[in-house]
Structures are given as structure tokens and as C-alpha cells.
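# Coordinates in review
Residue strings, one per chain:
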Amino acid sequence: MTEVAITPGVGNPPVTFTQAEIGWTPWLQPLAEDDLTDRHLRGLVEAARAKSPYFRLLVRDPEVLEARTKTDKDIFYNTRTGLPRAERELAATAASRSNGCIFCASVHARFASHHSNRGDDVQKLLDEGVGADLGERWNAIVAASVALTATPPAFGDEHVARLAAAGLDELEIADVIHGAAFFNWANRLMLSLGEPTPAN
Amino acid sequence: MTQVSPDIIDLLAGITPGSSLDSIRAQRPETREQAQQSYLALFRPKAPGDVSLAERQTIASFIAGLHRQPDIYEFYVNPLEESGTDRWLVEVLKAEIGSGQATGPYGDYPEGPLSVENKAGLLYRVSDTNRDVLGEKLSAALEHAHLLVFRPREASPQALQALLDAGWTTDGIVTLSQLVSFVAFQIRVIAGLSLLSAASKRAAA
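Report on the accompanying structure. (Residues numbered from 1 in each chain as written. Chains lettered and ligands numbered in written order. Predicted model: local features only at pLDDT ≥ 70, side-chain atom pairs only at ≥ 80, totals over all residues.)

### Describing the overall build of chain B
This is how the line gets drawn: What counts as a helix is a DSSP run of H or I of at least four residues, what counts as a strand is a run of E of at least two, and both are numbered from the N terminus. Computation of the radius of gyration draws on C-alpha atoms alone. For the globule rule, the value is 2.2 Å times the number of residues to the power 0.38.
Helix and strand counts for chain B stand at nine helices and zero strands. Listing every helix and strand of chain B by position from the N terminus yields α-α-α-α-α-α-α-α-α. Relative to its length of 205 residues, chain B is compact, with a C-alpha radius of gyration of 18 Å against a globular reference of 17 Å. The C-alpha extent of chain B, read off along each of the three principal axes, is 50 × 50 × 30 Å.

So this is what it looks like as C-alpha cells:
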């Protein structure tokens, strides 16, 4: 029997970029929490993720989800050296703003605001788009992230030079690259497997 | 056949042991290891499940071609050329990459204030003749991959239904979505690090 995609019919869906705590609902059936095996739980990496319909959908391929989750965590949370967390989240937000992932942008804009205490600048990026003037260092990070997000990628020597001129060393530039690149993974999953729901 | 796979990002970004970029990547061992594990889970899976290895290589080659990355395209298409099971497949794939060329991201936002940012672009469909060679399942996958590569904000339940109607299962769609999205990530890491590596070598020269 052919399976059927879910059309959730979300009322009052989010149609602008926001830092509000909006939700997400899937278009394909996630696994039921009660049906998760040990392999699924390893794929989820954190037991708490079993509550999320997004992760319970992705866990249908537990090997890929496990590696993806560990990649994600290291790119964003391993901040002992390299780019500060706020600016990795800025790269994630810029990629999400460029691809048009309202849900991803909401989550990572909140993180960027929290870790930088620059909520107004983050909001400006959401409201005005990737051309917003956020000061040279942030402008350089946003421009590089957006160029890398283009298909084909438009990231060039000028982006590397601008990041270096803004004070980023090689490790920090590599962190910008990874943060933006990772959201070209995350955005495509979030955008294509479900849709945002309004904040409660 | 057991074969140790080299680190694919290092290989395709031209990062050699002892280079500046090698030491940069060595400071992020978990990222390096798990990006490789993601590749292996998708392209050397323990069990291919609902997506065959040939389908995986074909779709990845298509994505690399759409990103105009010849080295990455060669890397993914090579096993298909070597297997020689279907000599037409690679020719058809090249033709479809040609007709799928575009510049992204584009597409419409949900109706509202963001509609002013809508950007029109190619709505790719596999040609009728090539659809016969590729079959419904693979044709539907290429059309979905093109949607995800260039206009992910236009994704919809209808797009998933088209995959289900073409013979994809829910599990298969999850793997397909991960594959397209992972390759989009991998290409950008490779493109970014290659450029950084070249800049670093110039600075050291």
C-alpha cells in the first residue's frame, strides 16, 4: 500500500522571520516513542530527543542521524578554541535566512542573541535580510555564510580576506565555514519534512 | 569487500598530512570523524534498506553536478562508470545535470510579508525520454533533489506525496532527504576549506 504524506493544515502559520519559540510539525509519520529500540535511542544520541517528532522521524535512519547529531554538536558546542558560539550561531542564522528556513532561523537567532547580547542586531538580520548592516565583523561573517549557501557556492578569496581583515584566524574562518555549511544540511531537512507552527 | 575509506573531505579538499588545514581540522577531531561517519552511513550503509547503492551514487552525482563541482561529481559518478551495469545511465545523468542548471536559493515564501522576497527560477522535471531510462523512482528522486538543492523553501507535503507515489517508502524518503542535505553540506565544507587552504599556502609562500 502506498503511504500518504500528512497535510497538517496549520492555522495561523508563521510567515515572517522571528525569534519567538515557534514549533514544527512533520509531513511524514515519525516513529512512536514506544516503538524505539536501543539502536534508535543511540541514533537520537540524547534520550530527551525522543520527545521531538522531528528527531523521531529522522531516527528511521539511525546510523545517519547519529553521525549527523554528533557532527552538529561538535560544530556548534565545541567552543574551547576558535570562533565564539554567538558567531557560529550567526553563521547558522544567516544561512537559514538566505535559504528561507523560518523555523531554523528562529532557533538559531535566539541562540545568537543569547550568546552575544545583541538581540537587536540579530533581529535586524531577520527583518532586513542578509544585507543588514550589523558592523563589519558580523557583516563579514554573514556575507561569507550567504556566499557559501548559494548554489553553486559563491564563496571566494574575497570572503576569506574580509574575514581575516575582521580579525578571524584560520581556525575561526573554518568554524564559519562549518557553521554555514551545516545549516545547508539542517535547513533542507527542516524545510522539506514538515512545517513551522505558531508559538503557543 | 572491506576497504578502509580515506577521509573524503580531506581527499576532495586537497588537505594533505602536515599542512596548515590538516592541523586546523585536527583541532576538530569529532567534526572530522562524524562528517566521515555520515558519509559512510549514507554511501557504505550496513544495509541499504529502501535506497540502493546505485541510487545513492546517482543522486549524489546529480547534486554535485548541480553545484558545478567537477571533482566531487567525478568522485560520486566513478563507481557507476566502473560498474558499467547501465552504460546509458551516466549519459542520461549528464544530460539531466545540464538541463537542471540554475542559481539558488530561489523560490516562493509562504504568502505574507516575505512574498516581496519571492524569486522565480527553474521548476526542473526529468525529460520524458530520460524518464524511461531512469524509471519513475529515480526520476522522482532527482526532481526532489533539485527542489531541495535550489528552492528548499518551496518544499511541500505534495512533493513528498510525489515520491511516495513513485514507489518511495517513508524510511526511504528519510534516507534520501539526509543524503541530499548531507551532500549539500559536504560540498560546502570542501569548497570552503579548499579555498582557505589555497589562501593559506599563498600566505606562507
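Now that the structure has been shown, we can carry on.
### A closer look at the overall build of chain A
Note the following rule: Any residue whose C-beta has 12 or fewer other C-beta atoms within 10 Å is treated as exposed, any with 20 or more as buried, and any in between as partly exposed, C-beta atoms being built from the backbone. Our contact criterion uses C-beta atoms placed from the backbone: two residues qualify when those atoms are within 7 Å.
Helices and strands together make up the secondary structure of chain A, namely nine helices and two strands. Along chain A, helices (α) and strands (β) appear in the sequence β-α-α-α-α-α-α-α-α-α-β when read from the amino end. In terms of overall dimensions, chain A is globule-like: its C-alpha atoms have a radius of gyration of 18 Å, near the 16 Å expected for 200 residues. Projected onto its principal axes, the C-alpha positions of chain A cover 55 × 35 × 35 Å. Across the 200 residues in chain A, those meeting the buried criterion constitute 51%. If you take every contact in chain A between residues at least 6 apart in sequence, the share linking residues at least 24 apart comes to 64%.

### Here's the deal with helix α7 (residues 128-150) of chain B
Residues separated by three or four positions in an α-helix point in the same direction, a consequence of the helix having 3.6 residues per turn. To be explicit about the condition: Helices are assigned an expected span. That span is 1.5 Å times one less than the residue count. The term bend refers to the angle at a residue between two fitted axes, each drawn through seven residues, those ending there and those starting there.
The terminal C-alpha atoms of α7(B), which comprises 23 residues, lie only 22 Å apart, well short of the 33 Å expected from a rise of 1.5 Å per residue. Where α7(B) bends most, at B:Gly135, the angle is about 110 degrees.

### Notes on the packing of α7(B) against helix α9 (residues 170-204) of chain B
Residues and elements named next belong to chain B. Here is the rule we go by: Orientation is described by lines fitted to C-alpha atoms, with helices fitted over the stretch in contact, and by angles between N-to-C directions that extend from 0 to 180 degrees. For classification purposes, an angle smaller than 35 degrees is called roughly parallel, one larger than 145 roughly antiparallel, one from 65 to 115 roughly perpendicular, and anything else oblique. A clockwise turn of the near helix away from the far one marks a right-handed crossing, whereas an anticlockwise turn of less than a right angle marks a left-handed crossing. Note that Gly is not counted as nonpolar here; it falls among the polar residues with everything else outside the nonpolar set of Ala, Val, Leu, Ile, Met, Phe, Trp, Tyr, Cys and Pro and the charged set of Asp, Glu, Lys and Arg.
Where α7 contacts α9, the two axes come as close as 10 Å, and the packing angle between them is 45 degrees. With respect to their mutual orientation, α7 and α9 come out oblique. For the pair α7 and α9, the crossing hand works out as right-handed. Residue-level inspection shows Ala141, His144, Ala145, Leu148 and Val149 of α7 in contact with α9, the latter providing Leu176, Val180, Ser181 and Ala184. Classifying every residue of the contact of α7 with α9 gives seven nonpolar, two polar and no charged.

### Details of the nonpolar core
Rules: Core membership is restricted to buried Ala, Val, Leu, Ile, Met, Phe, Trp, Tyr and Cys residues, and these are joined into a nonpolar core through C-beta atoms within 7 Å.
Counting residues in hydrophobic clusters, the biggest one holds 113 residues, and the most contacted among them are A:Ile177, A:Ala180, B:Ile63 and B:Val180. Take this core: its biggest share by element is 16 residues, from α9(B). Ignoring anything within four residues of it in the chain, the contact list for A:Ala180 reads A:Ala91, A:Ala94, A:Ala95, A:Ala144, A:Ser145, A:Leu148, A:Thr149 and B:Arg188.

### Re the interface of chain A and chain B
Taken together, the contact pairs 56 residues of chain A with 60 residues of chain B. Secondary-structure elements contributing two or more residues to the side of chain A that touches chain B are α2 (53-58), α3 (62-77), α4 (85-99), α7 (136-149), α8 (157-165) and α9 (170-193) of chain A. Top element by residues in the side of chain A that touches chain B is α9(A). It accounts for 17 residues.

### Considering the environment of A:Glu63
When you line up the elements, A:Glu63 lands in helix α3. Taking C-alpha positions, A:Glu63 is 27 Å from A:Phe111, a pair spaced 48 residues apart along the chain. If sequence neighbours within four positions are ignored, A:Glu63 has contacts with A:Gly43, B:Ala41, B:Pro45 and B:Lys46.

### Regarding unusual backbone geometry
Of the consecutive residues A:Thr151 and A:Pro152, the connecting peptide bond is found in the cis state with omega at -10 degrees. Secondary-structure assignment places A:Pro152 in the loop between α7 and α8. The amide bond that connects B:Gly104 to the next residue, B:Pro105, takes the cis arrangement and shows omega of 0 degrees. Residue position: B:Pro105 is located in the loop between α6 (87-99) and α7. The phi torsion at A:Val45 lies on the positive side, around 65 degrees, for a residue other than glycine. If you trace the backbone, A:Val45 turns up in the loop between α1 (38-44) and α2. Judged by the 19 C-beta atoms lying within 10 Å of it, A:Val45 falls in the partly exposed class. If you check the backbone angles, A:Asn117 has positive phi at about 55 degrees while not being a glycine. Judged by local crowding, A:Asn117 falls into the exposed class, with 9 C-beta atoms found within 10 Å.

### Quick word on the packing of helix α3 (residues 29-43) of chain B against α9(B)
Residue and element names in this part refer to chain B. For the pair α3 and α9, the least separation of the axes is 11 Å and the interaxial angle reads 140 degrees. Compared by their axis directions, α3 and α9 come out oblique. As for how α3 packs across α9, the hand of that crossing is left-handed. For the pair α3 and α9, the contacting residues are Ala35, Ser38, Tyr39 and Leu42 in the first and Gln178, Leu179, Phe182, Gln186 and Val189 in the second.

### So, the environment of B:Ile173
Inspection of the secondary structure assignment puts B:Ile173 in helix α9. The residues touching B:Ile173, leaving out its near neighbours within four places in the chain, are A:Leu28, B:Leu160, B:Leu163 and B:Trp168.

In short, shape yes, function no, at least from these values alone.
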